[in-house]
Amino acid sequence: VFLGSRLERSDIVALGAVGLGLVGLAAVAHEGGATGLGGTGVALLLVGLAPVVLLAAVASRLHGRAAASLLALVAGVGFAGTGVSARVIRVPQPWWRGVADPVLWSLVGYSLVGLVCYALALQRGSVTAVAAVTFTVETVVPALIGLAWLGDRVRPGAGGLAALAFGLTLAGCLRLAGHANP
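This is a predicted model, so every value here is computed, not measured.

### Looking at the overall build of the protein
Reasoning step 1: What the protein contains, in helices and strands, is seven helices and two strands.
Reasoning step 2: Beginning at the N terminus, the succession of helices and strands in the protein can be written as α-β-α-α-α-α-α-β-α.
Reasoning step 3: A compact globule built from 182 residues should have a C-alpha radius of gyration of about 16 Å, and the protein, at 18 Å, falls within 12% of that.
Reasoning step 4: Taking the principal axes of its C-alpha atoms as reference, the protein extends roughly 55 × 45 × 25 Å.
Reasoning step 5: For the protein, the residues scored as buried account for 37% of the 182 residues in total.

### Observations concerning the nonpolar core
Reasoning step 1: Counting 35 residues, the largest nonpolar core has Leu45, Leu71, Val74, Val113, Cys117, Val130 and Val133 as its most contacted members.
Reasoning step 2: For this core, the secondary structure elements donating two or more residues are helix 1 (9-28), helix 2 (39-47), helix 3 (49-60), helix 4 (64-88), helix 5 (102-124), helix 6 (127-149) and helix 7 (159-179).
Reasoning step 3: Other than its neighbours up to four places away in sequence, Val133 contacts Ser69, Ala72, Leu73, Cys173 and Ala177.

### Brief notes about helix 6
Reasoning step 1: Taking 1.5 Å as the rise per residue, helix 6 with 23 residues should run 33 Å; its terminal C-alpha atoms sit 33 Å apart, in good agreement.
Reasoning step 2: Turning to helix 6, its buried residues are Thr128, Ala129, Val130, Ala131, Ala132, Val133, Thr134, Thr136, Val137, Val140, Pro142 and Gly146.
Reasoning step 3: Looking at where helix 6 begins, the residue whose side-chain oxygen comes 3.2 Å from the main-chain nitrogen of Thr128 is Ser126.
Reasoning step 4: Two residues or fewer past helix 6, Gly151 is found with a positive phi of approximately 80°.

### So, the environment of Leu46
Reasoning step 1: Mapping Leu46 onto the fold places it in helix 2.
Reasoning step 2: A sequence separation of 39 residues divides Leu46 from Ser85, and the C-alpha atoms of the two residues are 9.3 Å apart.
Reasoning step 3: With residues up to four places along the chain from it excluded, the contact list for Leu46 reads Pro102, Trp105 and Ser106.

### Re the pattern of salt bridges
Two side chains carrying opposite charge are able to pair once their charged atoms lie near each other.
Reasoning step 1: Applying the stated criterion to the full structure yields three salt bridges.
Reasoning step 2: Taking the shortest distance from any N to any O, the salt bridge between Glu8 and Arg175 comes out at 3.7 Å. Of this pair, Glu8 sits in the segment before helix 1 while Arg175 sits in helix 7; the two residues are 167 residues apart in sequence, bridging distant segments of the chain.
Reasoning step 3: Connected through shared salt-bridge partners, Glu8, Asp11 and Arg175 make up one network.

### Some details on the side chain of Ser85
Reasoning step 1: Mapping Ser85 onto the fold places it in helix 4.
Reasoning step 2: For Ser85, a relative accessible area of 0% gives the class buried.
Reasoning step 3: Apart from residues lying up to four places away in sequence, Ser85 is in contact with Leu45, Val103, Ser106, Leu107 and Tyr110.

Calculation criteria
- Residues numbered from 1 in each chain as written.
- Predicted model: local features only at pLDDT ≥ 70, side-chain atom pairs only at ≥ 80, totals over all residues.
- Heavy atoms only, no water.
- Helix = DSSP H or I, 4+ residues; strand = E, 2+ residues; numbered from the N terminus.
- Rg over C-alpha atoms; globule rule 2.2 N^0.38 Å.
- Buried < 20%, exposed > 50% of the residue type's maximum accessible area, 1.4 Å probe, protein only.
- Core = buried A, V, L, I, M, F, W, Y, C linked by side-chain atoms within 4.5 Å.
- Contact = heavy atoms within 4.5 Å.
- Expected span 1.5 Å × (residues − 1).
- Polar contact = N/O pair within 3.5 Å; in protein donor to acceptor, adjacent residues only side chain to side chain.
- Salt bridge = Lys/Arg side-chain N within 4 Å of Asp/Glu carboxyl O.

As far as function goes, none of this settles anything; it's purely spatial.
Right under this line is the structure:
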């Protein structure tokens, strides 16, 4: 409205698919308690930050739509890492002992990568495409990590709906990322 640009009908359909897919994924999730990571999981969470930072550095040097899409993807991974870190962090007593917790440092690192890459992506690409890629990655990646390692489950009998919601989200995201103009 403010910029005087209009979305194409296919963009509106793709946005609807992303939104419906994300709502579907949230609806089929089975509520569970927070689960901690063991020592290996904590190490992987912290070590996993290095390739994300490296990919962010490479993507920040690119230009155009490809740069915007890659930066949005890295932002989504950063926000996904933030979500996983926030889920598994344990606040010790007294709380100030948490400064030495590697999960806290991974939370800070992933947050910074996500914020910086999201801002850079918005400078180089379409807000619609950047948001779609980022929101999809930041939702789907932690969901897969939760299913694989943190004891999350899909509601009984909702496996087909979960697959459909995932497909809708991915298809909408790919459409927006591949066809939106900066």
